Each structure stands twice: as C-alpha cells, then as structure tokens.
Amino acid sequence: MFIAQKHSISRKLTWMNMLVSGAALLLACAAFIAFDMITFRQVMLRNLSTQAQIIGSNSVSALLFNDPQSAENTLLALKAAPNILSAQVYLPDGRPFASYSRDRAPHNPVLPPIPSGQTETHWIENDQIALVRSIVLDGKPIGAVYIRSDLRELHSRFQRYAVIAGIVLSACLLAALLISSVFRRAIADPIVGLSKIAKVVSHDKNYSVRATPIRSPAELAILIDAFNEMLAQIQQSEGALRMAHDELEHRVRERTAELRQSEERYHLLFDSNPQPVWVYDVKSLAILDVNRSAVRNYGYSREEFLSLTVKDIRLPEDVPALLESVAKASPDTENAGIWKHRKKDGTLIDVEITSHPLIYDGGDARLVVATDITMRRRVEEALAKREKWFSATLASVGDAVIGTDMNGVVTFMNSVAQSLTGWSLAEATGKSMDLVFNIVNKDTRRPVENPVKKVFREGKAVGLADHTLLLSKDGKEFDIEDSAAPILTDSREGLGVVLVFRDITGKRQAEEETKRQKELLQLILESIADGVVVADSNGKFLLFNAAAEQLLGIGATEATPDKWSEQYGVYLPDTVTPYPPDQLPLVRAIRGESVDVVELFIRNPQVPEGRLLSINGRPLRNENGAVQGGVVVFHDMTERKKAENALRQSEERFRLLVSEVMDYAILMLDPEGIIASWNAGAERIKGYRSDEILGKHFSCFYTTEDVESGKPAHELKVATEQGRFEDEGWRLRKDGSRFWANVVVTALRDGTGHLRGFAKVTRDITEHKRTQELLMHAKEEAERGSKFKDQFLSTMSHELRTPLNAVLGFSDLLADERYGPLNDRQQRYVTHIHTGGKHLLKLISDILDLSKIEAGRMELCHEDVTVASAFAEVISALYPLAEKKSQALLQQVSANLHVRADAMRFKQMLMNLAGNAIKFTPEGGRIELAARQVDDQVRVEVRDNGPGIPPEQQQRIFEAFFRLTETGSATEGTGLGLAITARLVELHGSKLGIESKPGEGACFYFSLPLIAIAPDEPLQKSISVSVPKARKAPRILVIEDNAVTGQLIQSQLTSSGYETLRCAQPEHALEMTAEHQPDAITLDLLMQPVHGLEVLLQLKNDPRTSKIPVIVVTVVDQPGIGTALGADEYLIKPVDKVTLLAAVERCLRTRGGAAPARTILVVEDDLSTLEVIVELLKAYGYAVSTAMDGEQARASVAHSLPELVLLDLVLPKMSGFELLSEWRSNPRTADLSVFVLTSKDLTKEEEKYLRAHAESLFRKQDSWREPLIKQLERVVTSPSLESA
Amino acid sequence: MTRSSNPTSDQCPLQKCISNRPLWQCPTAVIVMLSLLHIPVLQGQQPKVSEYQVKATYLYNFGRFVHWPPNATATKGDSFSICVLGQDPFGPTLDSTLAGEMLDGKPLAVKRISTPRDAGECRILFVSSTEEHHLKEILAAVEQAGVLTVSDIPGFSRRGGMIQFVMEGDRVRFEINLATAENSRLVLSSELLKVAAAVRRNARSGD
C-alpha cells in the first residue's frame, strides 16, 4: 500500500511487474523442488526396499542353517551403497542374527515390529530412513532385514536445486525489469502529461489549455478526449454564470427604489391619522415617532414629544401597569384599555389605548393609537348613577316587580321578584316572561294567560284574577295577586311592561287550617278505640263516636239521662246491681263534676256477655265558665282485668314453685346483697331456715378465704355489669361443712333499668364433681395407655425387624456364594433360613398393620389412584408366583378409571387378595383382577376359579389367623392377609364382600369412590408418575457368532433394562463398535473367522473404541490372558444372569469414572445390619465408612464430606431426624445425598419430612437391597457419567 | 505408518511397552502371549532345542536347496520321502517337525527303513551311525537313484556321503561333498554351499 501512495505511476508499474513475475517464479520453483524431493524420497525408499529384499533372499539359507557368517557376508555387499549406515538380519523371535555397520561399530537394535498383514515397514527419524522387511519362506516369516540409511543424498540434491532456483530467479527478475521499463512508458507518459495540464487548470483557472491527443485508440486516448471536452464545458458554463450574476444585481436595485417609495406613502398615512398615534421603544419606553394629531392634542411639539418617554404622559400611579403590559409583550394586537393621560398644560384626559407590537429600526417597539374619550366617560357615569338609584328603589319595595321589553323579554327583576320566582336577575335577563313568571290556575292547575301578553293586547293596565299560583323555578308554589302596566314613552310609544305582584299564600292558609282541624278532630274521634260521648246540659247527645257505639252496643238515643242506666244496661262492677242513674259519670259531668276512673259494667242485648268499662268524665264549660254540657271517655277493661287475674295466678304458682324446689337453692338478694327470700331447696342445701337467714348478708355462705379476697362483692359487681355471673366453687353450710356448688347470680332490674336486687341460684354438685374427676383420671389413664401402645408398636417394629434383617441379609449373602461355594445341603438350609426369615418378617409386618388398624392408628393418605397402573404393579409383582403354578393372571380394567384411595394400601389390598387367590387356586387355574364403574363408585373384584369357600366359613375368613380347614397347614402365609384387607377396605369406607360357591371359585369385591377426570388428563398424569425422567438405557454390544448364545445374553440384558445390539460377524466388530459407541461390550472368544482375542486387540488398539469396557464371556478358562489384553471382566460360560449383570454394572460404573472418590457413610447402630450393608456395598465396589451412633456420624461428616450417607433413623445419642435436619440447615452439607434405611414405622408427617429432605427412603421390612443398589448407581455415578 | 512416531532406540520395545502403555497395545508382547496359547505363529529354532531336533529341521530344509533330476528314481513316489536307515536317533521329533509340511509340491513322509534296497524312492536318506559299517554298500546302492545322502557318521562326506552333520560346539553345521552329489546328478543350490562348513569338490579325497 505504501508503494501505492508514495510513488509515481511508472515506479508503481515497475514494482508490480517485478512482484508478479517474482512470485510466480518462486511458486514454480518451490513446487518443482517439493515434487522432486517427494519423488526422490520414494525412489530412495524403493531402492532401500530392493536392497532389503535382496539381502533377505540371500540370507534364507543362512537363516535356515543358522549360519550368521554367511548372512554377514551378504550384508557386507552393502558397502557398495554409501548411504546405508547399518543393516541387520534378525531371527523371527527378534534376536539379531547378523549385522553390518558402515562405521563398524557394533550396532544391534532390536527388531521393530512389522504391522500384521504387511511384509515391510519404514519410518524416518533423526534424519535417517529405517526400513524393516520380513523374510518369508513358503508364506512363513523366517526372519527380518533391517536397513538404516542416511538422507545425505536427499539433502545434497536439495541444496543443488536451491542454488539453481536462485540463479533462475535473479535472471528472470532482471529480464522482467528491462521489459517493463520499455512498456510502462506507453501507459505512464500520457497520464503524466494529463496530470500536468490538470495542475495548470486548477492553479491558474485557465480553462483554455488542452491536452495533446494521442493516436492510440485505447482507454488513454478516450480519457484525454473526455478531459478536453470537460474543459470546454466548464469554460462555457462559467460565461453563463457571470451573465446571470449581472442581471440579479440590476433587479435588486429596482426593488430597493420601489421599497423607498412605499415607505414614504406609509408615513403620510401615519401622519394624517386623526387619532394621536406614536411609536415607543419597548425597552427604554422612549417615544420614537409621533403623528401630527398627537402633537395637536397633547400640546407638545414634535421635537418635545421625541424627547419624552411614555411614562411622562401617564399618571405616576399607572406606570407599574404600563410596565407590566409591556413586559407581557403579547404578539397580537392588544387593547391596553382606558387610561388617563396628562397633556403638556397639565390637564388630564381619558384615552382608550390600542397598542400593536412592531419592529421599529430593528428593535421591539409598540405602535399606540390613543382615542380621547373624556366626554363619553362623563355621560356614562351620569347614566349609571341614575340606574343605581332606580333599582335601589325597586329593591326596597315590598312587592315583586318585573320589567320586560316589548317582546316580553325580562329586563329587570327586584329582589322580591327574584326570591318568589326563584330566578336570579342574571339568569332571568334575556329570558321570556312566560318562562320566568310561570302561573297556573290554583284549582284547575292549567296555565293562566300571562298578564304581560294581556297588556300588550289591550294597551292598558290589567289585574289578575284570584286563585293564581306562581310556580317558582325551585318547585315552590305561591298564591299571588298581581297587576301589569305598560311602560310608555312620552310619545306613548310602548317600551315594555312592568309587572307587580305579591305573595298572598299566608292569608289563604289560615282559612284552610281552621277547616282542616275541624275535620281532623272528627276523624280522631271516629278512629280512636276509646268511646267518647258528649251531651249538652239537657242530656241531649251532641256527639257519640263509633267506638262508644261499639262499646256500649247501642248508639245515641233520644232517652233522657234518668233512663240511660236502664237503656244501656249499666251496672256496678259487681255486674248485678243496676247503676244509680244520678251517679252515671256523664250525668255527673253535666252537673259540673269531674269524674276520674270509674268502673262500670255494661250488659244489654247487644252485649250479652257484659263488658267492664273504665270511664273519665268532664263538664264542658263556655268562655264564662258556665257548664254547657259534659263529655265522657271510656274504654273496655274486660281483657285487661282478665290478664291481671292470670298474671296474679301465675305469680302465685311461681312463688309456690320456687319455694318448693328442693334441688336448687333459689334466693333473692337486695342490691346490697342482703338475703330477701329463701326457698326449701336453699334450706335443704345450706341448712338455714328462712327465719334464720332472711336479712343476713349472703357472704356467710362463702369460705373465709373467699370473703377475705372479696369474692362475694366481686360476684355482685360482675352480675351488675354483665347481667349474669356463674361460678363453681366451695361453699359453706350452716354446720360449717363444705360443698361444691354451681352458682348463678342474675341481676334483677325493673322496667326503668334500675337495679332492684339479685336472684341467686345455687346447686350442690359435689357428687357430680367427684364423678367428673374420676372420668378425667380414667381418660388420662387411657391416653397414657394408648401412647404406650403406640410406642410399643413402634419399638417392636424396629426391634423385631432389626435382627431379622441381619438373618435375611446374611443368608442372602451366603446364598450368593460370594464367600465361597456351598454344597447342596448348605444351600438348601440357607434357603430355608431365608424363606423362614421372610415369612417371619411378613408376619411381623402384618401383625403390626393389624394392631395399627385395631388401635385406630392407621392413617390413610387419600389421593387419586389410577386403577390400571395399580393392577399392573400388582400383577408384575405376583406374576412369578402364578407362573410357578402355571396359572393365568389376568386383568380387566379401563385405562382411565381413577379412584380415591391410599395408593400403597390399595395395592396392599389387591396384593393380599390376589396372593391368596394364587395360593388357594390349584395349578393351571385362573385369577382375574377386574374393576368397573358402578354409579359413582368403582367396584374392584379379585376372582379365581379355585375350590371356593364353603358358606359356613365365609363369615369367619375375615378373622385374624383364620385358615380354611381343608387347606390344612400345607399353605404358607400368616393368616392375617384377609383380616388386614377387610380392615383396610373398611378404613376406605367400604366393605369387603365375598361371593363363592364350593367348587366354583371365589370372588372378593369392594367399592371405592370414583374420581371423574377429563378424558385426556389421566393418561398424561399416569405417564408422568410411572415413568420418572429415566436416563437413556445403557447400550451393550454383544459380540457372539453363535445365535442362540447371543440371544440368551441379549435377553438377560434387555430384561434388566439395557439396550442391546448383536454383532454376529466378529470381523466387523470393530467397525460396528466404532459406529454405535456402546456403553459396554460382551465378547466371545472362540469365534470364526476371527478369534475373540484378536477382536479384543483391535478394539483396545483403536482410539475410537479403546475406552469401551469389554466383558469376555467364554468357555476358555484363561482369565489372565483376557485381562492382560485389556478385558475389563472375564466370565466363564455358562454365565448366569446375576453374574452377567453384576459384571456389566461394574463396567458401567468404572467407566463412569472409576470407583467413587469419596466413601459412602453407613450410619447404623445394629452391628449385624451394619455388616450386611457394608458387605453389600463392598460387593458392588463402593468404598464404605461406618458410624454406630448419631454423634459419630456427625463427627465423621464434619471431618470429611462423604459421597453419600446411608442413614438409620433410630440411633443412640442423636436420632437420624436430628442429624438430617442439622445437615440440611448447614450450607456445607445442605446438598449431601442422604438415603434413609429404616425399620421404624413412620407416621405420615415423618414420611413427608423424609420425602422432602432425603434423596431416597428404604424400609427394612420391604426388600431394599436391590432398589438401594439401583438408587446408589443413579446417585453416585450419575455426575461422572454426565461428564463422560 | 503407525510406527513412525515410535522411536527405535536401544531400549527393548517390550520393556518400553510395559512401562509406557497397556500391554495389549504392544504387538511384541502379543506375539509372545499368542505363542503361550499354543497358536502357531512362527516356526524357528529355539535355543534349547535338542541336537536332533535341529538336525530334523535341517533334513527338511536341505530339500529346499536341492534340485533332483526329473527322471530320478527318488522323485517317482507321490510323496517327498525322508528316510532313516538304521536305528532312528530322532525319536518322535522328526515326525512332529515334518508333519503337514510340503516340499516340491508333495507332502512330506517319514520312512524308517532297514536296508538300502528300500531307499530307492527316498529323496533324502539319513544314515544312522549304527550303519557305519555298511556305509560303502549303502552309498553304492543309492548312487544311481538320485538320493541325497545325509549322516552324522564322522568322515561321511569324505567317504562318499553327500552331506555330513558336524558339531561346532553346540552348533550343528554340515559339510558337503559336491562331487558325490553331482555324481548322482543332484544340483545343490549355491545358497546351501554358502552356508556349509566345508565343501568338497573331489569325490573321495584321501580315500
């Protein structure tokens, strides 16, 4: 690049030529030399090979007849080749046989190997070529020749070539330089000339020069022509530009002249304006220009004006407003309002100012037009004063006044009119009169013609008719009187109408009130329940209301007062003696007496049952006090009398009752607590007679301590405040003995809420109290017993299972023959021990289950259970048993049937029932699990076609330890299965039923609540539950040419979840392995056509496959060789499944990352169980450390973090739960993998806790070894597998 | 060129293999082990093989380097017979060494004969040292039959035998009487002559 920038074009062309030809030559030379070197090396090799071959064939006899001398003679022939450094002949076993060395130094390197299938190999090292060729006779190698040659010849050849290449290169470059210097002129010279002209043009602006054209038709000629043409064009356009410029200047001059003329015209306009006009500067307020009218109006000469500021013609107090208006600087035309201005002679004038912002001589300025309005202001003020006076007058008038114009539009209202119409003056002004003055006829409520209209029509004053209502705007109504008169000008021209009206509502209302009260009185008299009768002084009835007629049974009559008693059947209250007529209350009232509450009895044909009346009577007097008549008021007393009697009787009865009650002490206290009444019960309970206790304070019933602590007073206080007080406690009898009392004190209040005293009810509950205490004691006792039972169960489950686990574990280990072979008898006995132990474990579990159920301690965890998957699990667990008896184990259930049940217990129930069915059904029988929906229940059935159960035994089979008599002792089992199942079914709210006929099989059935689920949901759910996120199954390649054996191994592996491939042609094993990259390989040895060991070698020597573990499975008993050749496991046929799987698992584990770096800590307090676990883990290749109690475990984890902890829960010193919670709360150990292995019976809470805080949970009562190992592999090896 | 990165120094490759990488990646070791498995890979002389085992192998190998005249009696049979005259010093080694081998397109056969008359169809006749006294008759009997005579009788080549085994210390070598062989129209390869301890060109020297 720097060449391109710095140098001239001719130099650049030269450089380019040189570089191109130099690079081409260099490449050609290098290629040639490289090719020659390679070829020459091959020739050398070929020569060497030939020499080796010659030596080989010449050494055959020497080798055959063991004559090294002869072979060395042959080798000596190599002296002729100066490049051979040394040569050797070897025996087939690698021993040197004959040797030759150019420098005669003894030189016997050991024979390097020749790859199989070849006769020759060579390599280059240390600047030497070495070649080995095997000597073959009749297809058999009988020795080998080794030749080592130096590369001297190769190097000297290379040097020669380098020199030649250098010479050729420099010669060529020289030639290129010469040629390019000739040819570059043709290109460079015209370009240089062109650039010189360009310089002239740009420097002198001389566009008339031209480049010399050249004859060549090539691009350069075109370039020069184009350049000349461009110059011509530039010259032309420059002339045009100058002309345009001149014309523009001319036009500017013309426009300036026009502008000046227009300006003069405007100034004339300004000067001749009849209003004073001036312009002032916004900032300084100085007057900049002023017209003639201003000079004339203000008295200043033009020159004086121009020396003033606006402030000078304003009043001093207006200046701030002026400044404010200037500061606002609104761009629009602005009416600055009305101001006072001062003339030169000092007089003030009113002016209306209009101000316009404008730019004057480049600065902000205002144009002001001032109109003198002094005269106008004076007239306006006089008018306003008159109007004010006028309206004040109207406002002070008591009547309402409304004025309108000739169109009936409101122009004026005084305040009375405003308040009556509800319209304010502002609202009403401009509105139609009809709207504001809304009047209707009072009776018809129809609109009345507006008087204003009438005035317009008739042209004279009018008055309104009566009964006119004014409806105000806010809904009020006023009775009004009004009149309207036209307003006429002097020339009797109508200006409008004035309407005057007043509110007359008050007057009218008073008249109506009197009338209404009269009617009301009448109504009251008629509607009251009391009878009212009024008579004048002559005994003539003036008033006799309906109640009186109804009470007396007879209405007003013409009878004289002396006949009233007889007429109306009036008697004294004894109901038989006729009432003396002169004593009748009305008669007495007419006489002028007042009669209060007199009772009398009425009985006449209309009131045959008689009626007791209570009567009040009064005389009626006129204004002068003279009696004019009398009035009586009476009401029916019959019902009240009856009620009073009833109440009295009831009170009597109650008093009797209280005094006779023996079980309760019922007494009354006055507000101070003094005893006011006493009943028989009180006497019985407390021992006082009523005459002994009445008048004493009730605190004498309390113990001295209670009295001292103020308890009696407290009781009364509480009762007073809350209405009631209840208490239990010791009280004293008269004889000083104590009794346990229940006391209720109730405050008694009269109708006004005034406290009248207390009622105190006391019960002797000493006996009751004693019973209650006994009961409480018994309950505590029972709870303690129940707790003890729980603890017993929990301890038993642990203590019984722990030794059994040792029995099972060790017998299992023995049976595996891991520690040496067992003879048949030992094997049999070990099996018996194992079976016995298992049976015992099952028995213990069953008994514990049963006890738990009986004790009501069985907790169910109800969830959504898919019946089909429960069936599948049960069937797969029981299948081996059924198969052993050649029975068919079937299921009949639809896939999406769900029940609400405890999943584990549901399976246990099915397992027990199906297990029983298998047990009791003879060989070849058929057992079926079925479930179907019946209403909102699912009926689950377990059917068999066994011998059935006789009817007399059907009721007893659910009892614990019951066994069918016919089956005898031949059948194993605890005899608890059915009992437990029946209880479990009951716990699920159902009942286990049985249908069976002897010889026709049996069917056990129960029902569980159905869970309705949307059709698509259950499938997904069951899948996600049953298939946890499984790792991809490891893939095993089975290399085995025998089809039967291959299939056997494959089936053993696939049944344990491995994916398998088979390679039946061992010659293709390597490719197949490399392609499929299996996780492990099983390899047979005796195969055709390639021996297994050869395959093994291939596999281990190929980097693609060398890391894949190989398990040799063969009949050849030479494990040493297999292992030496790299086999990871060596199994001797026949191989059983367990051994094969163990080997495969070991391989996969070691492949995952050798043995786990850290140990598994086993925490277990039972020594034998600990040993079982440790043996098991070691057998699977895990490193194990142990702890026998909680503190040891804590210390061990604190010291070094294990890979995993296998934790028992029941431990001395510190429980597994404590350890777990401690570990989980510590960040260092929060992620520690913990497996719990326990025989403890867990509560639901404990189980929930463990599920949340431990990786896995194993119960010793279940079979835990296999799941434990599986889980361990998952947890312990998974990280390294991921990294692999 | 899988071996090109493998430096061949004076160190034993086997040791190197063992010290540096897994055993199965070392072909030398493999060969050793395959031989332990009795899988025949190479036949060669072992240092501890007995004298007669070597001699047996030589008898067979002589066959490779001798050209029999096409009409000779010795070439008549269907097999390539190697005969032992007199008491057999080889024991079973001769049979085991020669079993299954072929020469001149014919399967090898071992015959034990007691008289030179039976030697007519032998390609190679080994004369046991027990027959030293009848040597002259024996050689005369087979002279025209084109039989390659071999023996370890001292002075055998001098006395008209064709090839005589001689011991140089522990090593078995042989002398050739070329004239005798040419008498019987047998052509011995120069290769054979090259490795012989001595070659006599006159028929009976010093006899």
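Residues numbered from 1 in each chain as written. Chains lettered and ligands numbered in written order. Predicted model: local features only at pLDDT ≥ 70, side-chain atom pairs only at ≥ 80, totals over all residues. Heavy atoms only, no water.

*Asks:* So what exactly am I meant to see when it comes to the sheet that holds strand E38 (residues 1080–1083) of chain A here?
*Replies:* Hydrogen bonding along the main chain pairs the strands of a sheet, whether they run parallel or antiparallel. Residue and element names in this part refer to chain A. Spatially, E37-E36-E38-E39-E40 is the arrangement adopted by the 5 strands of the open sheet, whose pairing is parallel. If you trace the sheet from one side to the other, it starts and ends with strand E37 (1059–1063) and strand E40 (1129–1132), each paired once. Adjacent strand axes in the sheet meet at a mean angle of 20°, parallel and antiparallel pairs treated alike. With 4 bridges connecting them, strand E39 (residues 1110–1114) and E40 associate as parallel partners. When the bridges of E40 are listed, Thr1114 appears paired with Ile1132. Contacting strand E36 (1035–1039), E37, E38 and E39, helix H31 (residues 1043–1054) crosses the sheet at an angle of about 165° to E37. (Pairing = 2+ DSSP bridges. Helix = DSSP H or I, 4+ residues; strand = E, 2+ residues; numbered from the N terminus. Axes fitted to C-alpha atoms, helices over the stretch in contact; angles between N-to-C directions. Contact = heavy atoms within 4.5 Å.)

*Asks:* Where do I start with the packing of helix H2 (residues 9–64) of chain A against helix H4 (residues 152–204) of chain A in this structure?
*Replies:* Residue and element names in this part refer to chain A. Contact geometry for H2 and H4: axes closest at 7 Å, N-to-C directions at 160°. Relative to H4, H2 is oriented roughly antiparallel. The way H2 lies across H4 gives a crossing that is right-handed. Along the lines of polarity and charge, the residues of the contact of H2 with H4 split into 24 nonpolar, 6 polar and 5 charged. (Parallel < 35°, antiparallel > 145°, perpendicular 65-115°, else oblique. Left-handed = near helix turned anticlockwise from the far one by under 90°. Nonpolar A, V, L, I, M, F, W, Y, C, P; charged D, E, K, R; others polar.)

*Asks:* What exactly am I supposed to notice about the nonpolar core here?
*Replies:* A general feature of soluble globular proteins is that nonpolar side chains tend to end up buried together. If you look at the biggest cluster of nonpolar residues, it comprises 87 residues, and the most contacted ones within it are B:Leu59, B:Phe62, B:Leu125, B:Leu148, B:Phe174, B:Leu188 and B:Leu192. With 13 residues, H2(A) is the largest single contributor of residues to this core. Discounting residues that sit within four places of it in the chain, B:Leu148 has contacts with B:Phe62, B:Val66, B:Trp68, B:Arg123, B:Ile124, B:Leu125, B:Met162, B:Ile163, B:Leu186 and B:Leu188. One finds A:Ala870, A:Leu878, A:Leu929 and A:Val938 within the second-largest nonpolar core, a separate group that totals 46 residues. (Core = buried A, V, L, I, M, F, W, Y, C linked by side-chain atoms within 4.5 Å. Buried < 20%, exposed > 50% of the residue type's maximum accessible area, 1.4 Å probe, protein only.)

*Asks:* Which parts of the structure should I look at to understand the packing of aromatic side chains?
*Replies:* Two measures describe an aromatic ring pair: the distance that separates the ring centres and the angle between the ring planes. For the coordinates displayed, the defined rule picks out 33 aromatic pairs over all chains. Here the aromatic rings of A:Trp278 and A:Tyr298 are separated by 5.7 Å at their centres, their planes lie at 90°, and the arrangement is edge-to-face. In this pair, A:Trp278 sits in strand E6 (residues 277–281) while A:Tyr298 sits in helix H6 (residues 292–298), placing the two residues 20 residues apart along the sequence. The same class applies to A:Trp278 and to A:Tyr298, which are both buried. Here A:Trp678 and A:Phe701 contribute two aromatic rings whose centre-to-centre distance is 5.8 Å and whose plane-to-plane angle is 25°, an arrangement assigned as stacked. Pair noted here: A:Trp678 is in the loop between strand E25 (675–677) and helix H20 (680–686) and A:Phe701 is in the loop between helix H21 (690–693) and helix H22 (704–708), with a separation of 23 residues, a long-range link. What makes A:Trp678 buried here is its relative accessible area of 10%. A connected cluster of aromatic rings, assembled from ring pairs, spans A:Phe65, B:Tyr52, B:Tyr58, B:Phe62, B:Phe65, B:Phe90, B:Phe126, B:Phe165 and B:Phe174. Above the plane of the ring of A:Phe701 lies A:Lys686, whose end atom (NZ or CZ) is 3.7 Å from the centre. Above the ring of A:Trp1264, the side-chain terminus of A:Arg1265 is found at 4.9 Å from the ring centroid. (Phe/Tyr/Trp six-rings, centres within 6.5 Å; stacked < 30°, edge-to-face > 60°. Lys NZ or Arg CZ within 6 Å of the ring centre and 35° of its normal.)

The analysis is restricted to geometry; functional conclusions fall outside its scope.
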